[in-house]
Amino acid sequence: MRRFFTLVVLLMALKLSAQTVRITGNYNGESFAKFVDHVEQQTNLRFYYPAGITDSLTVTTTASNEKIEDVLNRILVNADLSFAIDRSNNVYITKGRKIATSLPDDFFGQAPITSAPKEQFDFSEYERQERKKKLLETRLYSIGNKTSDLQGKATVAGNVRDQETGEPLIGATVYIESPNIGVATDQFGYYSITLPKGRHELKIKSVGMKASVRQIMLYSNGKLDIELEQDVTPLKEVVVESQAEARVSSIQMGTEKLDIAQMKQIPLALGETDVMKVVMTLPGVQSVGEGTVGINVRGGATNQNLILLNDAVVYNPSHLFGFFSTFNPDILKNVELYKSGIKAEYGGRLSSVLDVHTREGNLKKISGSGGVSPVTARLSLEGPIIKDRTSFIVGGRTTYSNWLLRQLDDPDLQHSKASFYDVTAGVSHKISDKDHLYFSSYVSRDLFNLSTDTTYQYSDRNGALKWKHIFNNQLVGVLTATMSNYKYTMASERNPINAFKMDFDITQLNAKADFTYFFDGRHTFDAGIHTVRYMLSPGNFRPVGTASLVLRDVVEKEQGQESAIYLSDNFEVNPRLSLYGGLRVSFYQFLGPKHVAIYPPGAARDSVNISGEIYYGSGKTIKSYGGAEPRLSLRYIINDDLSFKASYNKMRQYIQMLSNTTAITPTDIWKLSDTYIRPQVSDQFSVGLYKNIKGKNLIETSVEAYYKLMNNTIDYRDGSVLLLNHHLETDILNAKGVAYGAELLVKKNTGKVNGWLSYTYSRSFLRTEGKFSAETVNQGKRYPSNFDKPHAVNFIGNYKFSRRFNFSLNLIYSTGRPITLPVVKYDAGGTTRVFYSERNAFRIPDYFRSDVSINFEGNHKVKKLAHSSWTFAVYNVTGRKNAYSVFFVSNGGQIKGYQMSIFAQPIPTLTYNFKF
Amino acid sequence: MKFRLQHIAWVFVLTVAGCLEPYDPPSVKNNPDFLVVDGFVDVNTGAAQVRLTHTVPLSSTALPEAESNATVLLQDESGNSFPVIHNGAGLYHSGALPIDQTKKYRLYIRTAGNREYQSDYVQFRPTPDIDSISYFIDEFDFLNITVNTHDASGNTRYYKWHYVETYEYKSIHTTGYVLRNGAVFNRTADEFINICYRTDPATNIFVYSTQRLAEDVVSNYTLVKINPADLKITRKYSVLVEQMALSVEAFNYWSSLQKTTENLGGLFDPMPAQVLGNIRGITDPNEQVIGYFGGGEIKQKRIFIRKEDLPEQYSRFSMMCPVDTIDIEFVPSLVDPDVLIGPIYPPGALAPSGYTTSLKECLDCRRMGGGVLQKPSFWE
């Protein structure tokens, strides 16, 4: 728009008084709205006027360093309009000359407008905000070049931001009701909506924000940025409703979106909001037990989840043996979990995508938050570097568990150490209206040892740089470069003869370009090209000190390249039927330099059968894999409250985590697909019904069912050795997996009582049948996987006593996971030993847990130095001793069975959180 | 080098209110029955010893059922067979056989029910001498008894140990008197019941590999850990360590068995699995047979540790042993003749007014620690 003006506006004086504002410009028949837009952009004046009164007004005038009053007088005199300017540089345009008597009451409040004493406009801050909002909502924005041709459609696009912090709002819905057309903002808060030209009431809703509307007159393609006001009292009705509607109307299925505000209401052990633990309460998500952050989504293994933090891959999301996840709740914005209907832009893992976003930082003022819990302390700070253009956010977290361990009686524990920290930082910079740069980085480190034996350290580091460019209203492109590194070291220096250190290290470099093209109101195309370089050092075992006799053992490095291109179309066939079709084609190369062992044809893959090896030079392709990954979704709205969805996904995974323990451990290793270990492939079909029950408070219900086939999933030989194994193919088996189930959800987001109840039925089986008995598990029969837990019921409930008191209750039930138990005993060498059943032939006892928490917020004065809240939570109120594992030991010739529980008694925690 | 993650997990679990409870497994219907073979050839003596038993349901308290009257043969690669004769109760022995260490041997079994089994061929390997058995006190005050050995040729690499502990201990109180036919006598030297000897073989598996070391050296590998409060080190302690070289296959078997039966269930422990040895069914190749046939040369070394060898005040064994008095008129009618510590004389009296006594387990070392009075022949 601006290019139509050849105009320079000068702000003549710094003293912010309207009388001193002067403008320079040449207007030639522009609409009054355009004139206002322009003046507002260049000065600190704000214009307020009721919709419609300036519709027929055009501006033809020239101003040369003239007072705004003089210019306005000239423009308005013939249109029967008046104006007044207050001390805050608000310009009010009214119809009729007799301003004071002709104004609607709710327009200017009680104060009649005259050109007289400005003090009368001195509203309290709150009233001013309300007034401003009302004015924003009633004002008519004209979009595009004014024309008389209102045939066809045009696109309006822009950013939706938080008015207070200037941060973009992800997933905000922008829609009109008649006809029903709506879009959601992307991860940058950007939206693009194509509407019939003409007058519309644009509605905007976002979680945690007050809903708002904008009156627009759409002439042609144009821009409209929208700022929303924070909803000071969380969970106000209208807010969450927008999400509920989205559940029925969006094409996306098998997706759970969680906002940090929602997560904070769920009581948790150890007093800290934990993304992974909250995700575990969602239908279709399970874990092997309490002390782990590894999630099993719809019968998939823990390594089949793509965990992204601002687009960079996180390899180990756990702290302190898995009792905490590595995401600092203070700087998180939201989390999305895709279980099915995974879009073509995501790839590389079979089961799910967990997309975690941090906030970008307050663009308007410096602020911070933090918290203190029994085990951890955290602090974060954010604010503008250049106001309204550049912002930063940085958050850190650490533990004082070392100190806690020293307070304990047990000498074993006193000599132990366990500590961690993590730091997340981000900078967001607006280069121009069309270009935006984002940088984020994350570092976490854990260190622990028991007594003085072996020390373990691991660290996960990543960084992401994103450049978003808006080509025009319809085409947006994002260039992303990320780096992720995960490494661990274990060391023991107690006995100088055996003193050693062992390292594992994996680095991946990603580059990708993604484009979104909002073709018209019915088609949205996405396309992109991705590439990932993997560099993996599987193990470097070396002596420490001169006395050490340890032999250096380095497992040869591995490298691989994974590339993909994709194209997808989201096609709104008619208001009822929406289709999504995407095709991702991925290609993977396992690259030299590397020696590859050869096994004679017909011989078992056993180290004794290695007949030789082939050397591949640097950059040589050793083995390549690839293929198409179609992604299809369909949504059909049966009626306003009921919709049907279906989807099909094919996924390929070229890197796997190897772990023959029950939980994720710091010594698990990652392995690239190679000559023998083929990439994992899955096909998932799912269908679902979504129904909203409208009443005083909206209740959403859904049922989803899925069937998933997995090929080449990882299974292990009995007694497999994974660390420092130079030919892992001798210990790893390729299995076929099948998983199926159904998920029922009833969710009430509003009212005094809110929460959800979910029931999940899910089964997960493996079949491992090789040519040789050693390569076959359970004689090639189908057997339940480690995380096959058929029934799970989760209840998450909230009761609001008042705006400051809030009570929550969790009830969690699931079938016990499969285990291998001893079936018989025998005597060998004078000692009784046990002989185990077939793999996973039994189950540990069922799991049940209940937690409560009370949240007390400080007073709700909007203006306060610092806001604080206290949370008192009790985890496992009934103190039920849930078995984490069951094991048998032969000690002194006797066989004894034990069950180990992790949180075997109620765990109370008190957490103090603050925000400034 | 041991990756003992399970320990760390335990520590943390306990810190955050974890707990361990006894667990009774669900009863298993139609318990499987497997043949258990425990075969060993001692190269030093040339004696083969085989034990054939059956598995027992986990909940059963019955002794393993023996597989008796089977035909058991030790066969070498050249086709020579040596019978191993049934001695009753499923135990089979051979005389001193001319074992040729350059040859491989296997075990052949035909049960009375005509089912045939045989083991893989096994090579018996020479075992280096034990360099020393030493000990140290670790930072938790546990006495660690360790083994040191090496093989200059670097061929051994895989080791297995077994040990037998013997210790001397003394009852808290000594009964100096014995009751015979209602009369009190001083005990003669061979009548004392205050010093006992107890012998216990190790029940756990100890295997170690020097495969990751530049030299074939085992340095201070801990076999025994003794709590300072243990009765074992109150007077004199001895341990006989037996060392044997293993083949890779034998090492893998014993280390799997050790891991799956002695060390499981922690958060980060490997999942248990069926550990099958080197015995296979001939009649039914799919039949699972438990156990292992192995053999080799056994090297031994014994050390003694006296209480005085350990730091002063190290031994922290204690037991509540209150002393009571029995009036003299009740002494002759005592049922148990071994409860009198010593006489009590009132001032100026010539005859005792009674005898001091204490709990039986404070007086009789056999009751106290389950040992025997007989001093072992090797005792120094």
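Residues numbered from 1 in each chain as written. Chains lettered and ligands numbered in written order. Predicted model: local features only at pLDDT ≥ 70, side-chain atom pairs only at ≥ 80, totals over all residues. Heavy atoms only, no water.

Quick notes on the overall build of chain B
Threshold: Working definition: helices are DSSP H or I runs of at least four residues, strands are E runs of at least two. Numbering for both runs from the N terminus. A radius of gyration in this sense is built from C-alpha atoms; the matching globule rule multiplies 2.2 Å by the number of residues raised to 0.38. Categorising residues by exposure relies on relative accessible area from a 1.4 Å probe, with only protein chains included: less than 20% of the type maximum marks a residue as buried, more than 50% marks it as exposed, and the intermediate range marks it as partly exposed.
Secondary structure assignment for chain B yields 4 helices and 25 strands. For 380 residues, the compact-globule formula gives about 21 Å, and the C-alpha radius of gyration of chain B, at 26 Å, lies well above that figure. Projecting the C-alpha coordinates of chain B onto the three principal axes gives extents of approximately 85 × 50 × 45 Å. Looking at chain B as a whole, 50% of its 380 residues qualify as buried.

A word on the packing of aromatic side chains
For clarity, the threshold we go by: Stacked, edge-to-face and tilted are the three classes for Phe, Tyr and Trp ring pairs, Trp counted by its six-membered ring, which pair at centre distances within 6.5 Å; planes under 30 degrees apart are stacked, over 60 edge-to-face, the rest tilted. Here, a charge over a ring is recorded when the distance from Lys NZ or Arg CZ to the ring centre is within 6 Å and its angle to the ring normal is within 35 degrees.
Scanning the model with the defined rule gives 42 aromatic pairs over all chains in all. With centroids separated by 6.5 Å and ring planes inclined at 80°, the aromatic side chains of Phe32 of chain A and Phe47 of chain A adopt a geometry described as edge-to-face. Of this pair, Phe32 of chain A sits in helix H1 (residues 32-42) while Phe47 of chain A sits in strand S2 (residues 46-48); the two residues are 15 residues apart in sequence, bridging distant segments of the chain. For Phe32 of chain A, a relative accessible area of 0% puts it in the buried group. In this structure, Lys645 of chain A packs its charged tip against the face of Tyr690 of chain A, placed 4.2 Å from the ring centre. The positively charged end of Lys160 of chain B is found above the aromatic ring belonging to Trp254 of chain B, 4.3 Å away from the centroid.

Topic: the pattern of salt bridges
Residue and element names in this part refer to chain A. Using the following cut-off: The salt bridge definition used is simple: a Lys or Arg side-chain nitrogen within 4 Å of an Asp or Glu carboxyl oxygen.
Scanning the model with the defined rule gives 52 salt bridges over all chains in all. A salt bridge links Lys223 to Asp225, with the nearest nitrogen and oxygen atoms 3.2 Å apart. The class of Lys223 is partly exposed, set by a relative accessible area of 40%.

Here we look at the sheet that holds strand S23 (residues 324-327) of chain B
Residues and elements named next belong to chain B. Rules: Two strands are counted as paired when DSSP detects at least two bridges linking them.
Spatially, the 3 strands line up as an open sheet ordered S23-S25-S24, and their pairing is antiparallel. Of all strands in the sheet, those bounded by a partner on one side alone are S23 and strand S24 (343-344). Here S24 pairs with strand S25 (residues 354-357) via 2 bridges, running antiparallel. Within S25, the position partnered with Ile344 by the bridge is Gly354.

Remarks on the state of the cysteines
Note the following rule: Counting rule for disulfides: a pair of cysteine sulfur atoms within 2.5 Å.
Applying the stated criterion across every chain, the model contains 2 disulfides over all chains. For chain B, the bonded cysteines pair up as 1-4, 2-3 when numbered in the order they occur along the sequence.

Observations concerning the nonpolar core
One recurring pattern in soluble globular proteins is that nonpolar side chains are buried together. How we decide: Among buried residues, the Ala, Val, Leu, Ile, Met, Phe, Trp, Tyr and Cys ones that are joined through side-chain atoms within 4.5 Å form a nonpolar core. We call two residues in contact whenever any of their non-hydrogen atoms come within 4.5 Å of each other.
Residues Val279 of chain A together with Trp161 of chain B are the most contacted members of the largest nonpolar core, which totals 130 residues. When residues of this core are assigned to their parent elements, the largest contribution, 6 residues, is made by strand S18 (residues 217-226) of chain B. Contacts of Trp161 of chain B, omitting those with residues within four sequence positions, involve Val147, Thr149, Phe206, Val207, Tyr208, Val218, Tyr221, Leu223, Val241, Glu242 and Gln243 of chain B.

Comments concerning the confidence of the model for chain A
Detailed reading of predicted coordinates is not advised where the pLDDT is low. Residue and element names in this part refer to chain A. Stated precisely, the cut-off is as follows: The predictor reports its confidence for every residue as pLDDT, a score running from 0 up to 100.
Summary statistics for chain A give a mean pLDDT of 82 and a share of 88% for residues scoring 70 or more. Below a pLDDT of 50 lies the segment residues 98-122, which in the model reaches 34 contacts outside its immediate sequence neighbourhood of four places, other chains included. Residue range residues 233-244 is modelled with pLDDT below 50. Its contacts to residues more than four positions away, or to other chains, number 26 contacts.

Side note on the side chain of Asp42 of chain B
Residues and elements named next belong to chain B. We count it as follows: When charges are counted, neither His nor the chain ends are considered; positive counts come from Lys and Arg and negative counts from Asp and Glu.
Mapped onto the fold, Asp42 is located in strand S2 (residues 35-42). In this structure, Asp42 is buried with no salt-bridge partner, the nearest side chain bearing the opposite charge being Lys299 at 10 Å. Contacts of Asp42, omitting those with residues within four sequence positions, involve Ala47, Gly296 and Ile298.

Section: the pairing of strand S41 (residues 669-672) of chain A
Residue and element names in this part refer to chain A. Burial along S41 is two-sided: the residues Ile669 and Lys671 and Trp670 and Leu672 are all buried. Pairing analysis gives 4 bridges linking strand S40 (residues 655-658) to S41, with the strands arranged antiparallel. By the bridge assignment, Leu658 is partnered in S41 with Ile669.

Digging into unusual backbone geometry
In the segment running from Gly592 of chain A into Pro593 of chain A, the intervening peptide bond is cis, with an omega of 5°. Of note, Pro593 of chain A is situated in the loop between strand S35 (577-591) and strand S36 (594-598). Of note, Asn69 of chain B is a non-glycine position whose phi angle comes to about 60°, a positive value. Within the fold, Asn69 of chain B resides in the loop between strand S4 (56-57) and strand S5 (71-76). If you check the backbone angles, Ala89 of chain B has positive phi at about 55° while not being a glycine. The topology assignment puts Ala89 of chain B in the loop between strand S6 (81-86) and strand S7 (91-96).

Comments concerning the sheet that holds strand S6 (residues 140-143) of chain A
All names here are of chain A. Heads up, the condition is: Each axis is a line fitted through C-alpha atoms, taken for helices only over the stretch in contact, and angles between the N-to-C directions span 0 to 180 degrees.
Overall, mixed pairing links the 5 strands, which are arranged S6-S12-S11-S8-S9 in an open sheet. The open sheet has two edge strands with one neighbour each: S6 and strand S9 (181-184). Here the strands of the sheet are splayed against their neighbours by 30° on average, with no regard to which way each runs. Note: S6 against strand S12 (residues 212-218), 4 bridges, orientation parallel.

Remarks on the confidence of the model for chain B
Residue and element names in this part refer to chain B. With 92% of its residues at a pLDDT of 70 or more, chain B shows a mean pLDDT of 86. At the level of individual helices and strands, chain B shows its lowest average pLDDT in helix H1 (residues 5-15), which scores 42, and its highest in strand S19 (residues 236-245), which scores 95. Low confidence marks residues 1-17, where pLDDT is under 50. Its contacts with residues over four positions away, or in another chain, come to 54 contacts. The complex model carries a pTM of 0.73, and its ipTM stands at 0.80.

Focus: a nonpolar patch on the surface
Residues and elements named next belong to chain A. Cut-off, in case you're wondering: The patches described consist of residues with a relative accessible area above 30% and no salt bridge, like charges being joined within 9 Å and nonpolar side chains (Val, Leu, Ile, Met, Phe, Trp, Tyr) within 5 Å. Surface exposure here means Shrake-Rupley accessible area, sampled with a 1.4 Å probe, where a residue is shielded only by the protein chains that are shown.
Together, Ile385, Ile386, Val427, Ile431, Leu437, Phe439, Leu465, Trp467 and Leu479 make up an exposed nonpolar region whose accessible area comes to about 760 Å². Among the secondary structure elements, those contributing two or more residues to the nonpolar patch are strand S25 (376-386), strand S28 (435-449) and strand S29 (455-472). Mapped onto the elements of the fold, Leu479 is located in strand S30 (residues 475-492).

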